[in-house]
Amino acid sequence: MQIDRLMGILVLLLQRERVTAPQLAERFEVSSRTIRRDVDALCRAGVPVVTAQGCGGGISLAPGYRLDPAIFTREELMLLLAGVQGMESILPRSRARDILDKLGSGALPRGEISIDLTSFDPEGLSRQLELLRSAIGKGRVVRFFYASPRGSSLRQVEPHRLLYRLSDWYLLGWCRERRDFRIFKLRRLTGLEMLEEHATPREIPPERLTFREYFSGEGWLLRALFHPDMAWRLTEEYGEDAYTAQPDGRLLLEHRFVSFQNLLEWVLSFGGAVEVLEPQELRGELRRQGEALLALYKEDSPLSGSP
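Residues numbered from 1 in each chain as written. Predicted model: local features only at pLDDT ≥ 70, side-chain atom pairs only at ≥ 80, totals over all residues. Heavy atoms only, no water.

Asks: Describe in detail the overall build of the chain, supporting the description with residues and values.
Replies: Along its length, the chain carries ten helices and eleven strands. A burial count over the chain gives 35% of its 307 residues as buried. Look at the contacts in the chain between residues 6 or more apart in sequence, and 58% of them connect residues 24 or more apart. (Helix = DSSP H or I, 4+ residues; strand = E, 2+ residues; numbered from the N terminus. Buried < 20%, exposed > 50% of the residue type's maximum accessible area, 1.4 Å probe, protein only. Contact = heavy atoms within 4.5 Å.)

Asks: Could you give an account of the pairing of strand S8 (residues 220-226), naming the residues involved and the relevant values?
Replies: Note that S8 and strand S10 (residues 251-257) share seven bridges and pair antiparallel. Its bridge partner lying in S10, leucine 221 is registered against arginine 256. Bridge count for S8 against strand S11 (residues 274-278) is four bridges, and the pairing is antiparallel. Bridge assignment links arginine 223 to a residue of S11, and that residue is glutamate 278. (Pairing = 2+ DSSP bridges.)

Asks: So what's going on with the packing of aromatic side chains? Which residues, and what values?
Replies: For any pair of aromatic rings, the description consists of the separation of the ring centres together with the inter-plane angle of the planes. Considering all chains together, one arrives at twelve aromatic pairs under this definition. On the basis of an interplanar angle of 70 degrees and a centroid distance of 4.8 Å, the ring pair of tryptophan 266 and phenylalanine 270 is categorised as edge-to-face. Each member of the pair, tryptophan 266 together with phenylalanine 270, is buried. Taken together through their ring pairs, the aromatic side chains of Phe226, Tyr238, Phe257, Trp266 and Phe270 make up a single cluster. (Phe/Tyr/Trp six-rings, centres within 6.5 Å; stacked < 30°, edge-to-face > 60°.)

Asks: So what about a nonpolar patch on the surface? Which residues, and what values?
Replies: On the surface, Leu293, Leu296 and Tyr297 cluster together into a nonpolar patch covering about 370 Å² of accessible area. Inspection of the secondary structure puts leucine 293 in helix H10 (residues 280-296). (Patch = residues over 30% accessible without salt bridge, like charges linked within 9 Å, V, L, I, M, F, W, Y side chains within 5 Å. Areas by Shrake-Rupley, 256 points an atom, 1.4 Å probe, with all protein chains shown as cover. Salt bridge = Lys/Arg side-chain N within 4 Å of Asp/Glu carboxyl O.)

Asks: An account of unusual backbone geometry is needed here, citing residue identities and associated values.
Replies: For the bond running from glutamate 278 to proline 279, omega is 5 degrees, close enough to zero to count as cis. Of note in this structure, glutamate 29 is not a glycine but carries a positive phi near 55 degrees. Relative to the helices and strands, glutamate 29 resides in the loop between helix H2 (21-28) and helix H3 (32-44). Glutamate 29 sits in the exposed class, given a relative accessible area of 73%. Its identity as a non-glycine residue notwithstanding, arginine 179 has a phi of 55 degrees, on the positive side. Within the secondary structure, arginine 179 sits in the loop between strand S5 (168-175) and strand S6 (180-185). Overall, arginine 179 belongs to the exposed group, its relative accessible area being 53%.

Asks: Kindly report on the pattern of salt bridges, identifying the contributing residues and their values.
Replies: Going through the model one piece at a time under the given rule, you end up with 16 salt bridges. A salt bridge links lysine 185 to aspartate 168; the shortest N-O distance between them is 3.7 Å. In this pair, lysine 185 is assigned in strand S6 and aspartate 168 in strand S5, connecting sequence segments 17 residues apart. For lysine 185, a relative accessible area of 18% corresponds to the buried category. Several salt bridges share partner residues, and in doing so they unite Glu158, Arg176, Glu197 and Arg202 into one network.

In structure tokens form, the structure reads like this:
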């Protein structure tokens, strides 16, 4: 509905200094012409929307504009506040506080929902997000080392979008080494820096904005029996309907993994609380890992480095 889109555009303009019509069109899945009509509608409603043409132009709100919270129900306003207060956990506090002030939220208590988007290294995450947001806004290339099971590699990336998915932060960008859009987990980035070089404007394929394409590959089907004590973890990671209780009390899980390495590491994290039924390749690898551990931890073997 148009009213919902108008409110979405207004909230987005309150959060950002400037956006372009194509960016809004992509965000709300409409044409740029529709966005221009929406901007006209906001202006007629008394919202001071400013448009600028040319390089560095875009759509913004007049300085000092505050959103009248009376247009929201209390429940809607509390949800908005929960989202903005969640951003306080990863952005400089003054920036989130400015948004809260524009919403006129000073007299409202915190609601029933509390959001914390930080990681185990909140300061490091905040620095990464600020640098990447700046690089995206300025259209600049970033460089970093990226760690993966195959090792660490130096990447030059044209950053396009920050994503919060599956309890982690990710960067969506055009990788110059891979010549394609790639998703990078921020926790695997080291040595992040912004270069002077400007990125090439590119259209993001809509399917790259979700993880659906990544997880739709055939991959590896795991069939495994877990000890009943592992119900909490299976529920936490895959939901209460992900497994089936067996007559002996064990829990049967059937789940598809894209990467064999990720599958192996995940299963190993359960130790002796899981029995793999399929795939056979994983059973063989677990047997090899067990034999290596047995040899390493023989009771009569000396400690590493001892005489």
